[in-house]
Protein chains: 2
Amino acid sequence: MSATLSPLAPKKYPKMPAIEGVRIATAEAGIKYKGRTDLLVMSFDAGTQIAGVFTRSRCPSAPVDFCRRNLGGGKARMLVVNSGNANAFTGRKGRESTELTADAAARAADCSPGDVFLASTGVIGEPLEASSFTHLLGDMVRQARPDQWTEAAQAIMTTDTYPKIATATVKIGGTDVTINGIAKGAGMIAPDMATMLSFVATDAPIAAPALQELLARGTAKTFNAVTVDSDTSTSDTLLLFATGAAARRGAPAITDAKDARLAAFRRALAKILKTLALQVVRDGEGARKQIEVTVTGAKSSRSAKRIALAIANSPLVKTAVAGEDANWGRVVMAVGKAGEPADRDLLSIWFGNNRLAHQGERDPAYSEEATSAYMKRDEIAIRAEVGIGRGKATVWTCDLTKEYVAINGDYRS
Amino acid sequence: MSATLSPLAPKKYPKMPAIEGVRIATAEAGIKYKGRTDLLVMSFDAGTQIAGVFTRSRCPSAPVDFCRRNLGGGKARMLVVNSGNANAFTGRKGRESTELTADAAARAADCSPGDVFLASTGVIGEPLEASSFTHLLGDMVRQARPDQWTEAAQAIMTTDTYPKIATATVKIGGTDVTINGIAKGAGMIAPDMATMLSFVATDAPIAAPALQELLARGTAKTFNAVTVDSDTSTSDTLLLFATGAAARRGAPAITDAKDARLAAFRRALAKILKTLALQVVRDGEGARKQIEVTVTGAKSSRSAKRIALAIANSPLVKTAVAGEDANWGRVVMAVGKAGEPADRDLLSIWFGNNRLAHQGERDPAYSEEATSAYMKRDEIAIRAEVGIGRGKATVWTCDLTKEYVAINGDYRS
């Protein structure tokens with residue numbers, strides 16, 4: 001946790017309702033941090049279904065390997081998350097640590113280790129001593145309560161400057177179901193640094209295969225469309241739990257992600273994932289501005305997303321936004337370097353509603369004054385129209401400031 | 001040009017000899033900068049052969065398009081380079097500007113516009129008024145002298161803090177031939193910013209097709225193995241001229257790049273390209289340390305280079321080096337994100353001779369003290385042994401400092 005709140009922090013936070021079938025406890029295990037919670041337990045009613053998506057890193061952390069193995073079972077009874085140590089690049093000891101934790105969690109919740117899910121965030125390469133917190137799990141499960149969502153979001157923070165939470169209530173087949181989500185810090189890794197974790201739960205009765213499809217689809221335009229510094233964590237983990245408790249109130253059991261009764265649920269889930277992903281971007285290390293990059297007119301939506309990420313990951317574009325400079329030449333550069341089909345002489349570029357370049361040249365009608373005023377805003381929208389097709393994509397990032405370099409470079413661990 | 005010399009600037013510069021058949025002039029055209037030279041002309045004897053490699057950007061500058069068209073002819077009589085304006089993303093006006101410049105240069109040198117080569121560096125998107133300097137070309141050609149190589153390197157600087165020059169003399173078939181090269185600034189673009197330009201000339205009699213093969217091979221492990229911020233300029237240009245004047249002193253005419261008599265020449269050319277490329281990296285915006293990244297044991301050399309570039313372009317690795325932190329966890333992260341075949345549990349990582357991680361775990365024998373002392377050096381070598389094959393590659397970059405952000409973000413153009 002940082003002493004300085006991000007200027008892009010939410011002005012207000014939602015009150016997080018309970019999710020039937022989910023109980024939460026947090027504790028101060030002192031894994032690395034002192035005087036704050038660093039251990040989170042969620043226990044779930046029997047029958048809870050699970051879906052998950054993970055980092056694409058070829059060097060994933062031990063908990064990511066562990067979760068991937070258990071995901072096939074489709075069922076979850078326990079989630080254990082620690083901050084302060086990522087249990088990544090810890091070899092055989094790392095695997096043993098996940099096994100010890102899962103065994104202790106299974107005993108605490110009276111379930112199988114195959115129903116336990118784990119996540120860790122913090123230092124890379126330091127062995128995680130499971131024994132420093134496994135003795136706490138029994139009491140935590142006993143004391144767990146349904147109303148601890150904000151506390152849960154706080155326990156998993158690392159360099160985050162604020163907890164990230166979102167909630168929505170919608171109907172499935174005439175019955176209210178609720179979705180709650182929490183997330184933590186973006187796009188960095190290693191000593192004292194962050195990784196992206198998010199945990200979402202609902203009381204809707206949705207079977208694991210359908211849940212997995214909903215999550216995978218929901219991630220593409222949310223968590224998979226944000227970037228802070230192009231660096232991929234070893235530990236990124238997004239889990240979605242469905243307790244099914246709303247079935248007792250009449251919600252119909254859903255087994256197909258395309259079920260028409262899911263329309264409102266799908267929209268609400270997408271919104272929660274987007275809200276959490278944007279909160280992550282807005283709390284990117286050193287961030288002072290949110291940048292939304294939209295690419296239109298690309299050869300395909302896949303091509304549009306690649307071009308959008310090339311713009312969003314360009315240090316020169318990000319430093320220009322930090323300097324409140326509508327430097328469209330750097331956007332041209334980023335389109336050019338993406339390696340995707342593009343025709344320089346058809347390209348147009350906007351900052352907000354200010355069109356700065358049109359069909360391969362500076363727009364003679366553009367207003368320096370209006371554009372300068374626009375660049376002072378907290379939220380900057382960049383659009384590049386490629387002019388050769390109908391592919392479209394939007395991604396989000398933050399600016400690159402001296403504070404980013406200070407946070408990541410000004411220390412000796 | 002910057003007021004502050006890079007701490008990595010060369011301690012001494014070579015004395016640049018003449019290249020028979022090359023005459024050089026520089027001038028203050030006032031294109032953007034005042035009180036310094038910003039225009040370079042090189043004129044070449046009839047019969048001079050040329051080779052070139054260019055940016056891979058899909059949005060190249062007008063001069064890059066122009067050079068690509070003329071390269072097919074294989075002959076060069078004139079090179080005209082300006083700093084202060086990149087003539088990039090300037091549409092029809094940009095093409096007209098290159099044509100006007102080439103016509104004026106052809107008149108000045110009494111040659112065809114097809115024998116003229118052009119390069120521009122500086123602001124993107126501003127029309128380049130060729131008439132602001134074309135009237136100078138006639139006098140420049142008349143006054144051009146063979147001993148102006150360092151002045152040439154100065155005229156093409158933008159945010160460079162020192163001129164980049166290199167020279168070598170070797171034998172082809174018992175006759176001395178000389179190679180001179182100059183270069184300018186790295187990996188940035190747009191207002192007041194840089195792009196990578198390099199011009200190399202020799203008096204060796206080498207035919208254009210062989211020259212092109214030599215240049216393409218020489219570039220792979222030099223200019224194509226350096227990165228400052230992963231951003232690709234619209235304007236990167238590397239041209240190699242061979243006047244053939246050494247033939248008069250008995251040097252044999254070479255038509256095949258594989259000719260055994262070229263052995264020493266090939267090595268010397270590779271060394272000059274590497275020296276210039278490293279000077280560019282060492283003058284990267286805000287750079288305080290040079291970083292050499294070597295990847296061994298990858299599946300192929302292509303795979304090794306991709307992993308090496310993922311490490312070299314990682315903001316987290318670069319800020320860690322700036323902070324003198326041997327943060328090997330971030331190297332693991334970068335290997336993981338490269339998307340290339342890798343096995344976490346076979347990976348080993350060195351900073352200099354200090355092995356920090358071995359086969360997927362922190363190396364228990366590593367000395368924090370020795371590593372900390374190592375990280376204070378100007379030149380940091382990072383090695384990652386992937387452990388699955390024999391692929392090997394080395395790339396070079398610089399650290400990411402607050403000065404980089406200041407240079408690129410702390411201004412309004």
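Keep in mind the model is a prediction, meaning the values are calculated, not measured.

(A) Looking closely at the relation of the copies chain A and chain B. Mapping chain A onto chain B is achieved by rotating through 180 degrees and translating by 0.0 Å along the same axis, at an RMSD of 0.0 Å. What we have between these two chains is a two-fold relation. Within chain A, A:K402 has its C-alpha nearest the rotation axis, a separation of 2.5 Å. Most of the interface of chain A is mirrored in chain B, where 99% of its interface residues again form contacts.

(B) Region of the structure containing the interface of chain A and chain B. At the interface, 74 residues of chain A touch 73 residues of chain B. When chain A packs against chain B, close to 5,600 Å² is buried across both sides, 53% of that on carbon and sulfur atoms. Summed over the shared surface of chain A and chain B, the number is eight salt bridges. Across the pair B:E361 and A:K93 runs a salt bridge, and its minimum N-O distance is 2.9 Å. Inspection of the region where chain A meets chain B yields 18 residue pairs in polar contact (both at pLDDT 80 or more). Among the elements of the structure, α1 (62–71), α2 (91–109), α8 (315–322), α9 (328–337), β13 (361–362), α10 (368–375) and α11 (402–409) of chain A are those that each provide at least two residues to the side of chain A that touches chain B.

(C) Up close: helix α9 (residues 328–337) of chain B. Along α9(B), nine of the ten residues are buried, which leaves the element largely enclosed by surrounding structure. Taken from the residues just after α9(B), B:G339 is the one with a positive phi, measuring 80 degrees.

(D) Geometry of the pairing of strand β6 (residues 164–172) of chain B. Of the strand pairs in this sheet, β6(B) and strand β7 (residues 175–184) of chain B are connected by nine bridges, and their pairing is antiparallel. If you follow B:T169 over to β7(B), its bridge partner there is B:T178.

(E) Expanded view of the nonpolar core. If you look at the biggest cluster of nonpolar residues, it comprises 164 residues, and the most contacted ones within it are A:F265, A:F351, B:F265 and B:F351. Not counting the four nearest positions on each side in its chain, B:F265 is found in contact with B:V170, B:I172, B:V177, B:I179, B:T202, B:A204, B:I206 and B:L214.

(F) Geometry of the domain arrangement of chain A. All names here are of chain A. Parsing chain A into structural domains produces domain 1 (22–282) and domain 2 (290–409). Each of domain 1 and domain 2 was reduced to a C-alpha centroid, and the two centroids are 33 Å apart. Contact with domain 1, which involves 14 residues of that partner, is made by 15 residues of domain 2. Summed over both partners, the interface of domain 1 with domain 2 comes to about 1,200 Å²; 56% of that surface belongs to carbon and sulfur atoms. A per-residue breakdown of the area domain 1 buries against domain 2 is headed by A225, T227 and R282, which together make up 35% of the total. At the surface where domain 1 touches domain 2, the tally comes to one salt bridge. Here R282 and E379 are joined by a salt bridge, their closest N and O atoms 2.8 Å apart. Scanning the region where domain 1 abuts domain 2 turns up five residue pairs in polar contact (both at pLDDT 80 or more). When residues of the side of domain 1 that touches domain 2 are assigned to their parent elements, the largest contribution, four residues, is made by helix α6 (residues 263–282). For the side of domain 1 that touches domain 2, a count of residues per class yields seven nonpolar, three polar and four charged.

(G) Structural context of the confidence of the model for chain A. Averaged over all residues, the pLDDT of chain A is 92; the fraction at 70 or higher stands at 96%. Overall, residues 189–193 of chain A carries pLDDT values under 50, and its contacts beyond four positions in sequence, including any with other chains, amount to 32 contacts.

(H) Molecular detail of the packing of aromatic side chains. Under the criterion given, the structure shown has four aromatic pairs over all chains. With a centroid separation of 4.1 Å and an interplanar angle of 20 degrees, the aromatic rings of A:F44 and A:F241 are classed as stacked. Note that A:F44 is positioned in strand β2 (residues 39–44) and A:F241 in strand β9 (residues 237–242), a separation of 197 residues in sequence. Each member of the pair, A:F44 as well as A:F241, carries the same accessibility label: buried. With centroids separated by 5.3 Å and ring planes inclined at 55 degrees, the aromatic side chains of A:W328 and B:F89 adopt a geometry described as tilted.

(I) Seen up close, the sheet that holds strand β1 (residues 22–27) of chain B. Residue and element names in this part refer to chain B. Here we have four strands laid out as an open sheet, ordered β1-β2-β4-β5, and mixed in their pairing. If you trace the sheet from one side to the other, it starts and ends with β1 and β5 (116–123), each paired once. Pairs of neighbouring strands in the sheet enclose a mean axial angle of 10 degrees, with direction left out of account. Taken together, the five bridges between strand β2 (residues 39–44) and strand β4 (residues 78–85) define a ladder with antiparallel strand orientation. Along β4, the bridge assignment pairs L40 with V81. In the packing of helix α2 (residues 91–109) onto the sheet, the strands contacted are β4 and β5, and the crossing angle to β5 comes to about 135 degrees.

(J) Focus on the UniProt feature "binding site: substrate" (unreviewed entry) in chain A. All names here are of chain A. UniProt tags T158, K184, T195, E285, N408 and S413 as "binding site: substrate" (unreviewed entry). Residue placement: N408 occurs in helix α11. In terms of polar contacts, N408 uses its side chain to reach the side chain of E285, at 2.9 Å.

Rules of the game
- Residues numbered from 1 in each chain as written.
- Chains lettered and ligands numbered in written order.
- Predicted model: local features only at pLDDT ≥ 70, side-chain atom pairs only at ≥ 80, totals over all residues.
- Heavy atoms only, no water.
- Least-squares fit on C-alpha atoms with pLDDT ≥ 70 in both.
- Contact = heavy atoms within 4.5 Å.
- Buried area = accessible area lost by both parts, 1.4 Å probe.
- Salt bridge = Lys/Arg side-chain N within 4 Å of Asp/Glu carboxyl O.
- Polar contact = N/O pair within 3.5 Å; in protein donor to acceptor, adjacent residues only side chain to side chain.
- Helix = DSSP H or I, 4+ residues; strand = E, 2+ residues; numbered from the N terminus.
- Buried < 20%, exposed > 50% of the residue type's maximum accessible area, 1.4 Å probe, protein only.
- Pairing = 2+ DSSP bridges.
- Core = buried A, V, L, I, M, F, W, Y, C linked by side-chain atoms within 4.5 Å.
- Domains from an automatic or database assignment.
- Nonpolar A, V, L, I, M, F, W, Y, C, P; charged D, E, K, R; others polar.
- pLDDT = per-residue confidence, 0-100.
- Phe/Tyr/Trp six-rings, centres within 6.5 Å; stacked < 30°, edge-to-face > 60°.
- Axes fitted to C-alpha atoms, helices over the stretch in contact; angles between N-to-C directions.
- UniProt positions renumbered as here; feature names shortened; annotations may be inferred.

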